[in-house]
Amino acid sequence: MSKLNGLFKEAKKNKKSLFIGFVTSGDPDYQTSKEIMKEMTKYCRVIEAGVSFNTSTSDSPIIMEANDRAIKSGMNLSKTFKLIREVKNETKSDTCFVLMTYLNPIIVYGIEKFISNCVSTDISGVIIVDSNLNSPEEKKLIEDLTKKDIGYVKIISPTNSNKFIQQSIKNCKNAWIYITSYLGLTGSKNVNIENVKKIVKTVKKFSKEIPTGVGFGIKTPEQVKEVSKYADAVICGSAIVNKIKEGQKKSLTGKNLATFVGDYVKTLSEGAK
């Protein structure tokens, strides 16, 4: 059983939804990003650590700007693993870390090397935004990560077919199904509750066991609370990344910026039931 399985089982037993926060690794720079992640471990049961990538297809301008800041500061996949190791060592937190990336950086890095570093870094799960159910690379990643009890998370949207959803469920036994509340770029709209209800119901029709996590457009504690009525986890990303930019505009740096972002994440997390 993966750590994510255990986390969701514990939450279900306590009748609570998990709060998951996303941040781009290395944004705005390595050391500040570390301080921000350390703050987030206080309030997030899971942290999605984005791997900076300059040709992403599903990210909002907010996250693309964060990717640019991280790349400019010298961030890459190897440094992402190093960053997470340091955060885990310095916090001794039980927060699970999930890598969010695209397939190209993994192939360039090397699939075997990627999996090996996921194991040594104690990564709990992997989200590959542009993965393809029929690609040999995805099949290898699913098979090898599952053997290591590392969760593989699939993203489904309002336009996906029942066949795609069913296949995705089969591939996510060690993790959760990531539901986007609308079609489009993350953070570009407000959460669509009607879509959330509909897709969660569809997923549960095919599997009552697979946990559901909902993201896209969740920006306030009230929205977190509303989504938590239907989903096993609530995911906030662009709103947190935007708070980093906002803090920078206020001339905040280092631990002061991390505290500014952490206060916001704390407020959001309190909306999870």
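Preceding this section is the structure that the text describes.
Here the structure is a predicted model, which means the values were calculated and not measured.

**Q** Could you clarify how one ought to interpret the environment of arginine 69 in this entry?
**A** When you line up the elements, arginine 69 lands in helix H3 (residues 61–72). Put simply, arginine 69 and proline 28 are 41 residues apart on the chain and 5.5 Å apart in space, counted from C-alpha to C-alpha. In this view, arginine 69 contacts Asp27, Pro28, Val241, Lys245 and Gln248; residues no more than four positions away in its chain are not counted.

**Q** Where do I start with the side chain of aspartate 144 in this structure?
**A** Looking at the element boundaries, aspartate 144 is found in helix H7 (residues 136–147). A distance of 2.8 Å separates polar atoms of two side chains, one belonging to aspartate 144 and the other to lysine 140. Not counting residues up to four positions away in its chain, the partners in contact with aspartate 144 are Glu112 and Ile115.

**Q** Hey, could you run me through the nonpolar core in this one?
**A** Among the nonpolar cores identified, the biggest contains 64 residues, and Leu99, Phe114, Leu141 and Val203 are the most heavily contacted of them. Looking at which element gives the most residues to this core, the answer is helix H12 (residues 254–269), with six residues. Ignoring anything within four residues of it in the chain, the contact list for phenylalanine 114 reads Leu77, Phe81, Leu99, Ile106, Tyr109, Val126 and Leu141. Ile20, Ala175, Trp176 and Ile235 belong to the second-largest nonpolar core, a separate cluster that totals 26 residues.

**Q** Teacher, can you tell me more about the packing of aromatic side chains here?
**A** Centre distance and the angle of the planes are the two values used to describe a pair of aromatic rings. For the coordinates displayed, the defined rule picks out five aromatic pairs. With a centroid separation of 6.0 Å and an interplanar angle of 35 degrees, the aromatic rings of phenylalanine 81 and tyrosine 109 are classed as tilted. With a gap of 28 residues between them, phenylalanine 81 in helix H4 (residues 77–91) and tyrosine 109 in helix H5 (residues 103–109) connect regions that are remote in the sequence. Connected via pairs of aromatic rings, a cluster forms that spans Phe81, Tyr109 and Phe114.

**Q** What's the story with the pattern of salt bridges in this structure? I'm lost.
**A** Oppositely charged side chains are able to pair whenever their charged atoms sit close together. Summed over all chains, the structure comprises 19 salt bridges. Of the charged contacts in the structure, one is a salt bridge between glutamate 35 and lysine 38, with a shortest N-O distance of 3.8 Å. Of the two residues, glutamate 35 and lysine 38 both sit in helix H2 (residues 30–40), three residues apart, roughly one turn of that helix. Residue glutamate 35 is classed as buried on the basis of its relative accessible area of 12%. A salt bridge links lysine 38 to glutamate 90, with the nearest nitrogen and oxygen atoms 2.9 Å apart. With a gap of 52 residues between them, lysine 38 in helix H2 and glutamate 90 in helix H4 connect regions that are remote in the sequence. Lysine 38 gets classed as buried once you look at its relative accessible area, which sits at 19%. Relative accessible area serves as the criterion here: at 42%, glutamate 90 is assigned to the partly exposed category.

Calculation criteria
Residues numbered from 1 in each chain as written. Predicted model: local features only at pLDDT ≥ 70, side-chain atom pairs only at ≥ 80, totals over all residues. Heavy atoms only, no water. Helix = DSSP H or I, 4+ residues; strand = E, 2+ residues; numbered from the N terminus. Contact = heavy atoms within 4.5 Å. Polar contact = N/O pair within 3.5 Å; in protein donor to acceptor, adjacent residues only side chain to side chain. Core = buried A, V, L, I, M, F, W, Y, C linked by side-chain atoms within 4.5 Å. Buried < 20%, exposed > 50% of the residue type's maximum accessible area, 1.4 Å probe, protein only. Phe/Tyr/Trp six-rings, centres within 6.5 Å; stacked < 30°, edge-to-face > 60°. Salt bridge = Lys/Arg side-chain N within 4 Å of Asp/Glu carboxyl O.

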